[in-house]
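Single-letter residue listing:
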There are 2 protein chains.
Amino acid sequence: MTRCAVDVALVHYPIRSRTGEIVTTSVTNLDIHDIARAGRTYGVRAYHVVTPLEIQRRLVEGVAAHWVDGPLRLRGPERAEALSLVRTAASLADVVRSIRDEEGVEPLVVATSGRPRGRPTVGFEDLRARILSGPTPVALCFGTGWGLADDAFDRADLLLDPVMKGGGYNYLSVRVAVGIILDRLLGDR
Amino acid sequence: MTRCAVDVALVHYPIRSRTGEIVTTSVTNLDIHDIARAGRTYGVRAYHVVTPLEIQRRLVEGVAAHWVDGPLRLRGPERAEALSLVRTAASLADVVRSIRDEEGVEPLVVATSGRPRGRPTVGFEDLRARILSGPTPVALCFGTGWGLADDAFDRADLLLDPVMKGGGYNYLSVRVAVGIILDRLLGDR
């Protein structure tokens, strides 16, 4: 079987705030590192940090370059390998466009949510089978803040089941949720 | 089936440094939060932050209390619920003692490592079955820095398989590794 390319997108807009407004969240240094490391561990093709704020995109690129080409490269070769996955994009549409341009085919855009959203969902086993059988690339989209806004779900082809399907307490950090979801979809069995 | 109690211990001593020395690492605010949130999601009994440095234990207790009893409680009820799992201990031996005192039985101490250690390991499915059939409590021990020192493995009853058993790139952050391991051992199927 030829596994398809899997990209991760960490979305900072459009995001829901605690009070339900649509906001742009700030990028964080640790999300860059932790998600790049998990992405590299599970063989992700690229990790896109998505924000409309150019200054924040420059910040992300600067952090990655510092480890990939800069003074910290030799201190942390594993980290350089992880951070070489990092890219930035102004919007989810730009992420989709770049995957299409590079892979030559429209990716399947899969949104994630920790909470039920009143929309049909795809199960982990179904998506895993789809990824393993290729060839359509998959873009896994994760929300920061209080999750992706409805507009982001409208643009996705599929919504993945929540990690805790039975409901109850569900308040993982996005870093940890990305790791768990990559393990379920791409981990060795 | 009665699932046994599962505790998580995040160990800051004895830890290996990048260069192989035995060191005490610093606690970090994000490890407190992310691991407490994952612990609460998967029904962990308690989350022990282990460091011999009293001032760091006070810091951890202060952070947790700030959300559990303090001014931030009402702003983040989910976070208060997670941080109420946080405890501190001066050593792994103290963690074992407190579990024994509270649960009335010696816990099974399970060490984790991202790299092979030349010791026999227990597989995820075996440990999952053991946890689900109870009643012996399990203490899952995670290293910070470059992993638990040999001394910590000597005190453990079992060593868990690495997350990436096939080898290759293996450089997850401890926060993400805890989430993945809890999902494999305790997650819904």
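Residues numbered from 1 in each chain as written. Chains lettered and ligands numbered in written order. Predicted model: local features only at pLDDT ≥ 70, side-chain atom pairs only at ≥ 80, totals over all residues. Heavy atoms only, no water.

Would you mind showing me how to read the sheet that holds strand E5 (residues 86-89) of chain A here?
In any sheet, the strands associate via hydrogen bonds between backbone groups, in a parallel or an antiparallel arrangement. All names here are of chain A. Read across the open sheet, the six strands follow the order E5-E4-E1-E7-E6-E8; overall the sheet is parallel. With partners counted over all chains shown, the strands left at the sheet margins are E5 and strand E8 (158-159), one partner each. Where strand E6 (residues 108-111) meets strand E7 (residues 138-143), four bridges bridge the pair, whose relative direction is parallel. Note that in E7 the partner of Val110 across the bridge is Leu140. Sheet contacts for helix H4 (residues 92-103): strand E1 (6-11), strand E4 (46-50), E5, E6 and E7; angle to E4, the most-contacted strand, approximately 155°. Packed onto the sheet, helix H7 (residues 174-186) meets E1 and E7 and runs at close to 155° relative to E7. (Pairing = 2+ DSSP bridges. Helix = DSSP H or I, 4+ residues; strand = E, 2+ residues; numbered from the N terminus. Contact = heavy atoms within 4.5 Å. Axes fitted to C-alpha atoms, helices over the stretch in contact; angles between N-to-C directions.)

I'm lost on the side chain of A:Thr51 in this one. Help?
All names here are of chain A. Position of Thr51 relative to the elements: it lies in the loop between E4 and helix H2 (54-68). Note on Thr51: relative accessible area 0%, which makes it buried. Among the polar contacts listed, one links the side chain of Thr51 to the backbone nitrogen of Leu53, at a separation of 3.2 Å. Not counting residues up to four positions away in its chain, the partners in contact with Thr51 are His12, Thr24, Val27, Gln56, Arg57, Ala89 and Ala90. (Buried < 20%, exposed > 50% of the residue type's maximum accessible area, 1.4 Å probe, protein only. Polar contact = N/O pair within 3.5 Å; in protein donor to acceptor, adjacent residues only side chain to side chain.)

I keep staring at the pattern of salt bridges and nothing clicks. Help me out?
Residues and elements named next belong to chain A. By the definition in use, this model includes 32 salt bridges over all chains. For Asp31, the salt bridge identified is with Arg175, shortest N-O distance 2.8 Å. With Asp31 in helix H1 (residues 29-41) and Arg175 in helix H7, this pair connects stretches of sequence that are 144 residues apart. A salt bridge links Glu106 to Arg100; the shortest N-O distance between them is 2.7 Å. Classification of Glu106 as partly exposed rests on a relative accessible area of 40%. Overlapping salt bridges, with partners in common, bring together Asp7, Arg45, Arg87, Glu102 and Glu103 in one network. (Salt bridge = Lys/Arg side-chain N within 4 Å of Asp/Glu carboxyl O.)

Looking at this model, I keep getting lost on the interface of chain A and chain B. Mind explaining?
Often the size quoted for an interface is simply the accessible area lost on bringing the parts together. On the side of chain B, 30 residues touch chain A, which itself brings 30 residues to the contact. Both faces considered, chain A and chain B share a buried interface measuring about 2,900 Å² in area, 53% of it formed by carbon and sulfur atoms. Taken together, the connections running from chain A to chain B amount to four salt bridges. A:Arg184 is the partner of B:Asp183 in a salt bridge, and the nearest nitrogen-oxygen pair spans 2.6 Å. At the boundary of chain A and chain B, one finds 14 residue pairs in polar contact (both at pLDDT 80 or more). When residues of the side of chain A that touches chain B are traced back to their parent elements, those giving at least two are H1, helix H3 (77-83) and H7 of chain A. Here the residues of the side of chain A that touches chain B are counted per class, giving twelve nonpolar, five polar and 13 charged. (Buried area = accessible area lost by both parts, 1.4 Å probe. Nonpolar A, V, L, I, M, F, W, Y, C, P; charged D, E, K, R; others polar.)

Honestly, the sheet that holds strand E4 (residues 46-50) of chain B in this entry has me stumped. Any pointers?
Residue and element names in this part refer to chain B. The six strands lie next to each other as E5-E4-E1-E7-E6-E8, forming an open sheet whose pairing is parallel. The two strands at the open ends of the sheet, each matched to only one other strand, are strand E5 (86-89) and strand E8 (158-159). Here helix H4 (residues 92-103) sits on the sheet and contacts strand E1 (6-11), E4, E5, strand E6 (108-111) and strand E7 (138-143); the angle it forms with E4, its principal contact strand, is near 155°. Against the sheet, helix H5 (residues 124-133) contacts E1, E6, E7 and E8, and its axis sits at roughly 155° relative to E6.

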